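# A structural walkthrough
These are the residues of each chain, in order.
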Amino acid sequence: MAGGGCSKDTAADFGDQPHVLAVDDNLIDRKLVEKLLRNSSCKVTTAENGLRALEYLGLGNDQRSTLEGTVSKVNLIITDYCMPGMTGYELLKKIKESSVLKEVPVVIMSSENSPTRISQCLEEGAQMFMLKPLKQSDVKQLKCHLMKCRS
């Protein structure tokens, strides 16, 4: 398969409602992101940490082989950078290592505007790096990017 962009083979067909996995250890931030995404007509699943996100995606420790050869449940993953246990950067690396999930766009959010952190995430395959708190305009930009990715 050719690299770059998303393809219909790797992302579930989501019609007009993209399915987004939002990962953040802070309940208020998680609820805000969920509300903004729902306002933009996205289906949202939330996870409070990287390990829960991996379990949902089928990459938990006991799920290694079950996912291979299937399509991803989500069209986009948006994750906080700073989380206990597993950072958003570590989650990004795990997703990009998966043959099934590597095509799913990952967006990293952080309240810290660190150029080193931003370039590190983008080099590892993040689609975008957004500063918190997210605004509705950020989500519109994200959704627009996702729709372009689809075509």
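Residues numbered from 1 in each chain as written. Predicted model: local features only at pLDDT ≥ 70, side-chain atom pairs only at ≥ 80, totals over all residues. Heavy atoms only, no water.

### Concerning the packing of helix α2 (residues 50-57) against helix α3 (residues 88-97)
- One can describe the packing of α2 onto α3 by two numbers: an axis separation of 10 Å at closest approach and a directional angle of 20 degrees. Accordingly, the angle class assigned to the pair α2 and α3 is roughly parallel. Remark: the crossing between α2 and α3 carries right-handed chirality. Of the residues in α3, those in contact with Gly50, Ala53, Leu54 and Leu57 of α2 are Leu91, Lys94 and Ile95.
- Taken together, the residues of the contact of α2 with α3 break down into five nonpolar, one polar and one charged. (Axes fitted to C-alpha atoms, helices over the stretch in contact; angles between N-to-C directions. Helix = DSSP H or I, 4+ residues; strand = E, 2+ residues; numbered from the N terminus. Parallel < 35°, antiparallel > 145°, perpendicular 65-115°, else oblique. Left-handed = near helix turned anticlockwise from the far one by under 90°. Contact = heavy atoms within 4.5 Å. Nonpolar A, V, L, I, M, F, W, Y, C, P; charged D, E, K, R; others polar.)

### So, the packing of aromatic side chains
- What the rule picks out here adds up to zero aromatic pairs.
- Cation over ring: lysine 73 sits above tyrosine 56, and NZ or CZ is 4.2 Å from the ring centre. (Phe/Tyr/Trp six-rings, centres within 6.5 Å; stacked < 30°, edge-to-face > 60°. Lys NZ or Arg CZ within 6 Å of the ring centre and 35° of its normal.)

### As for unusual backbone geometry
- The omega angle of the peptide bond from lysine 132 to proline 133 is 0 degrees, so this bond is cis rather than trans.
- Not every positive phi belongs to a glycine, and serine 41 is a case in point at roughly 60 degrees.
- On the secondary structure map, serine 41 appears in the loop between α1 (27-39) and β2 (43-47).

### Focus: the pattern of salt bridges
- The full count for this structure, using the stated rule, is nine salt bridges.
- Lysine 132 serves as the salt-bridge partner of aspartate 24, at 2.8 Å between the closest nitrogen and oxygen. Of this pair, aspartate 24 sits in the loop between β1 (19-23) and α1 while lysine 132 is found in the loop between β5 (128-131) and α5 (136-150), placing the two residues 108 residues apart along the sequence. The same class applies to aspartate 24 and to lysine 132, which are both buried.
- Across the pair aspartate 29 and lysine 132 runs a salt bridge, and its minimum N-O distance is 3.0 Å. A residue pair is termed long-range when its members are at least 10 positions apart, and aspartate 29 in helix α1 and lysine 132 in the loop between β5 and α5 qualify at 103 residues.
- Connected via shared salt-bridge partners are Asp24, Asp29, Asp80 and Lys132. (Salt bridge = Lys/Arg side-chain N within 4 Å of Asp/Glu carboxyl O. Buried < 20%, exposed > 50% of the residue type's maximum accessible area, 1.4 Å probe, protein only.)

### A short note on α1
- Given a rise of 1.5 Å per residue, 13 residues ought to cover 18 Å, and the 18 Å separating the end C-alpha atoms of α1 matches this to within 8%.
- One side-chain oxygen of the residue at the start of α1 lies 2.9 Å from the amide nitrogen of isoleucine 28, identifying that residue as asparagine 26.
- At the exit of α1 stands serine 41, carrying a positive phi of roughly 60 degrees. (Expected span 1.5 Å × (residues − 1). Polar contact = N/O pair within 3.5 Å; in protein donor to acceptor, adjacent residues only side chain to side chain.)

### Some details on the pairing of β5
- Direction of pairing for strand β4 (residues 106-110) relative to β5: parallel, over a ladder of four bridges. Along β5, the bridge assignment pairs valine 107 with methionine 128.
- With helix α4 (residues 115-123) bridging β4 and the parallel β5, this β-α-β connection has right-handed handedness. (Pairing = 2+ DSSP bridges. Right-handed = clockwise from strand over helix to strand, strands pointing away.)

### Topic: the UniProt feature "modified residue: 4-aspartylphosphate" (unreviewed entry) in the chain
- UniProt tags Asp80 as "modified residue: 4-aspartylphosphate" (unreviewed entry).
- Within the fold, aspartate 80 resides in strand β3 (residues 76-80).
- Taking relative accessible area as the criterion, aspartate 80 reaches 6% and is therefore assigned buried.
- Residues in contact with aspartate 80, not counting those within four places in the same chain, are Val23, Asp24, Asp25, Gly88, Met109, Ser110 and Lys132. (UniProt positions renumbered as here; feature names shortened; annotations may be inferred.)

### Considerations on the side chain of asparagine 75
- Position of asparagine 75 relative to the elements: it lies in the loop between α2 and β3.
- Judged by its relative accessible area of 2%, asparagine 75 falls in the buried class.
- For asparagine 75, the side chain forms a polar contact with the main-chain nitrogen of histidine 19, separated by 2.7 Å.

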